[in-house]
Structures are given as structure tokens and as C-alpha cells.
Amino acid sequence: MTSLWLDGAAPVTDNPLPDRTSDVLVVGAGLTGLTTALLLARAGQDVAVVEARTVGAVTTGNTTGKVSLLQGTHLSRILRHQTAEVGRAYVEANREGMEWLLRFCDDHGVPLQRRRAVTYAAADSQRSRVQEEHRAAASLGLEVRWLDRLDVPFPHVGATVLEDQAQIDAMDVLTALVAEVRRHGGTITQGTRVRSVSKSGEPVVTLEDGRELRAGHVVVATGASILDRGLHFARVEPQRSYALALTWDGALDGMYLSAGSDSRSVRDAPGGHLVVGGSGHVVGRTRSEAAHVEELRQWTAQWFPDAVETHRWSAQDYSSFDGVPFVGRLPGGDGRIHVATGYEKWGMANAVAAARTISADLLGDVPSWAAVLAGRGVRPSGAAEVARANLGVGTAAVTRAAQAALERLPGVGASPTAYDCGVIGVCTHLGGLLRWNDAEETWDCPLHGSRFAPDGEVLEGPATRPLRKRGAGS
């Protein structure tokens, strides 16, 4: 399952790990990490980036690449859980992130296409949600307009529309960011997984192989935070969603997203491609991931019968209790460890806004919207969302006694009972019982979203250690 964007991306060469104390060590080479690195390197900071896999391997390289201030029904969700002041600050953060990103694309020859963003109701039951989003967007200063009819083949009964948004190939952006980070003296090293960061004083970063790196500050830009001290794993919910790319001889003038819980995202892409996404679920909490992919295929075949599939992939995103990302200093780090998570599938603008927030905290001149977002409280509806998410986590927990009784998990095969690769099926983060992902042939944790290859190697956190081998001891 390789995305359209990753399939065509040029490999990135590695710099050696720094042999000195860096001003800032950035963990994660997605859009958040590389943008943060560039902003700091431009300001004269000595910056090193380490990435456990490859540049863009996780969320950024698997996005649908929509850059928009109209974000499905996200703004109305924020206003249900937060004040209008927080809602306005969120829009301003995303506006600044979007403007910076599109300006960067223009300055560095990164292709982009201007499109209108459309949140539509696929059925009468969704119309009220779209109308609520329309009102929320207008109240927050966006010049949305209502349309009853759209020039698209799939069903709809009304839509809110925001003109002059954009779509990109995120790997094109990362390639340009890598070049700029290095031009300003920064380094980027892939295949380097961080295990831990010390809790006090100058941060000491311990790598998977036991080596240590030192830095004045550490930025954790890893999707889900790999450090537990902020309890961010308990404050965000991991979501898996799917996408298809297809050859198609049509064209769309917008980026479309339906309002239902089983959403459909539709955009075109250069080279005669159609990109269709959706059919999401909480990580590790579905009977069959392959069935979600098949649902997406059936919908696409029904409404775009001439399109021919070329790629299929999935992405992982994290939703916060109120729809606003967590960005800032991590508790217990003496103000030297910074984190960003919880973009809820809208990372193109939010990632840049997070990078702006973190870099400004280090350099000075924190924007006013960042202070509002960081100082927001938890209202009763937000507390209820946290409780709901953690209720689902509790049902998937495994006791220590159950761990000892687990049999070996299977390896790659047609079903999870076909082969045996000798690993223990318990997440190395907090002991969740892993589930077999039959679409991607991975082990997925239903607690906090860690994912592992069939042989037990970590694919994405918050886990940082591979699965234990049967008979290897604790």
C-alpha cells in the first residue's frame, strides 16, 4: 500500500549524526518537523533532524494533500467544545500556516493547484451538519457560500464552499524543505529511531542502538508523541483512513469532502489522476481493514466507473478532544522539550502553524493566536470526549497475566493463522492486545495506535520498542 505521492518521490540521502550538542534536535521528518527545522535554521540555530524511517514515511507522505481553511465539519466541532475566541484563533493559525506553505511552494517551484474547498451533504440526514458548518465558518470570518447543486456525479443535497484554497503533492513540499534545511546548515538523518529523552537539564536523547545525542531543545514531531510524560497518548484518538488513486480523464474544480461519519474525500491530481479517500475508523478497532478499502472501491466504481485504480494506501491521524491540536512545551522537560500532535487529518496548514508556534517559542515573538490556543481550557463537552475515547481504550487493555498466556502471533499470510513469526502480540507501549490489520499486514494497537511490522519492528508510535520475541524473556 504505497501512496501516489511516495511512489514518485526521490530518495533522500543521509547526513551523519551530529557529534556535538545541537541547538535543537527535531524528531520526525514530516511536514511539522522539517518546517520547524527550517524556521530555526534560517534564524541561525544549529539544527539536526532524525527520522525513524524515511522522510514523509508516515502521515505527511500519505495525506490527500488538501490545504484549506474549510475543513469538513471541523470548525463547527471546535465551536461545540470551545469558545468563539478559540475558534477564531484556530482559523488564524491555519490561515498563517496555509499562507506560509503556499508562499514556500511559489518561492521554490513546488507545483500546486488552486481549488475551491467543498463540504457537502451526501444525504438529507447530513444536511443539518453542513448547514451548521456553514454558519460556523461564516461566524469565524470565512467567506463561504451555500450551493444546493454541484457539478459532480456523486449524490449530494447541499454544500458550503470556500473559494481559492489549494491542493499539493506533499512529497514535493518535503523534498524542497529538505534542500532548504540543508542549505541553511541543518542535517537530516533517516533510519534513526529515538527511544527516550531525559527529563531534566539539557536533553539527552537515547537512540535505539544506545547512542546518545545532546541538544539545547528537542522537538517531538512524530504524529503521536513518543514521550508519555505529557499523557498526550490519552488525550488524542488514533484514526486510520484509506485512499485510492486512479487514472481518470476527467477534471474537478474543487476538493470535496462529505459530512457523514463514513466520509468521502474527492480531488483530482496532476497526470490524469483521481484521488478518493475516507472509510476511516479508530486504529485496531474494526473487524477488517480490507473491508474498508473495498467499501471505498465500490463507491468509486459506482460514481467514477471509467477510473482505473493505480494506488491504494492508508494514513494515520490523531484527533484531540476539542478539535484543536496540542502544541507547545512538554511537562517535565524544563521547558526544553516541545511537542505537536492532534491535527485530525488537517495537517497541511496545522503542521506549519505548529512549526511557527514552536520556533517562535524558542526565538521569541509568539503569535497572539498561539497564546490563545495554548491557554484554552477543557469545557464539560471536551471532558466528555476525553472520557469517551478512554472508555474505548479501557476495553482493549491486557492484564499482565493475560500477556504471559499469549501464543505466538502469525506472520505475513492470507490470514492471521497462516504463519508464525514468533512475536508476542502485546504492544510495547502500554500492553494493549494487538489486532491483525488484514489490509496492510501489520499489528495494530487498539489502545493508542502503535503499529508494528509482522516481524515486530515499530512502524509508528507512541511505542518505541519492537515486539518481544517468544521465549526471549521480558
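Scroll up to find the structure.
Residues numbered from 1 in each chain as written. Predicted model: local features only at pLDDT ≥ 70, side-chain atom pairs only at ≥ 80, totals over all residues. Heavy atoms only, no water.

1. Looking at the packing of helix 3 (residues 74-81) against helix 5 (residues 124-139)
So, point 1. With their axes 8 Å apart at the nearest point, helix 3 and helix 5 run at an angle of 75° to one another. Taken together, the axes of helix 3 and helix 5 are roughly perpendicular relative to one another. Contact residues: helix 3 offers His 74, Leu 75, Ser 76, Leu 79 and Arg 80, while helix 5 offers Glu 132, Glu 133, Ala 136, Ala 137 and Ser 139.
So, point 2. In terms of residue class, the contact of helix 3 with helix 5 is built from 4 nonpolar, 3 polar and 3 charged. (Axes fitted to C-alpha atoms, helices over the stretch in contact; angles between N-to-C directions. Helix = DSSP H or I, 4+ residues; strand = E, 2+ residues; numbered from the N terminus. Parallel < 35°, antiparallel > 145°, perpendicular 65-115°, else oblique. Contact = heavy atoms within 4.5 Å. Nonpolar A, V, L, I, M, F, W, Y, C, P; charged D, E, K, R; others polar.)

2. As for unusual backbone geometry
So, point 1. Geometrically, the link from Gly 461 to Pro 462 is a cis peptide bond, its omega value of 25° lying close to zero.
So, point 2. Its identity is not glycine, yet Asp 164 carries a phi of approximately 60°, on the positive side.
So, point 3. Taking relative accessible area as the criterion, Asp 164 reaches 48% and is therefore assigned partly exposed.
So, point 4. The backbone phi angle of Ser 279 is positive, close to 60°, even though this residue is not glycine.
So, point 5. With respect to the secondary-structure elements, Ser 279 resides in strand 14 (residues 273-282).
So, point 6. Classification of Ser 279 by relative accessible area gives buried; the value is 1%. (Buried < 20%, exposed > 50% of the residue type's maximum accessible area, 1.4 Å probe, protein only.)

3. Quick look at the side chain of Gln 71
So, point 1. Mapped onto the secondary structure, Gln 71 falls in the loop between strand 3 (66-67) and helix 3.
So, point 2. There is a polar contact of 3.1 Å between the side chain of Gln 71 and the backbone oxygen of Ser 68.
So, point 3. Of note is the side chain of Gln 71, whose polar atom sits 2.9 Å from the side chain of Asn 94.
So, point 4. In this structure Gln 71 touches Tyr 90, Asn 94 and Trp 346, once residues within four positions along its chain are discounted. (Polar contact = N/O pair within 3.5 Å; in protein donor to acceptor, adjacent residues only side chain to side chain.)

Bear in mind that shape data such as this cannot, by itself, settle questions of function.
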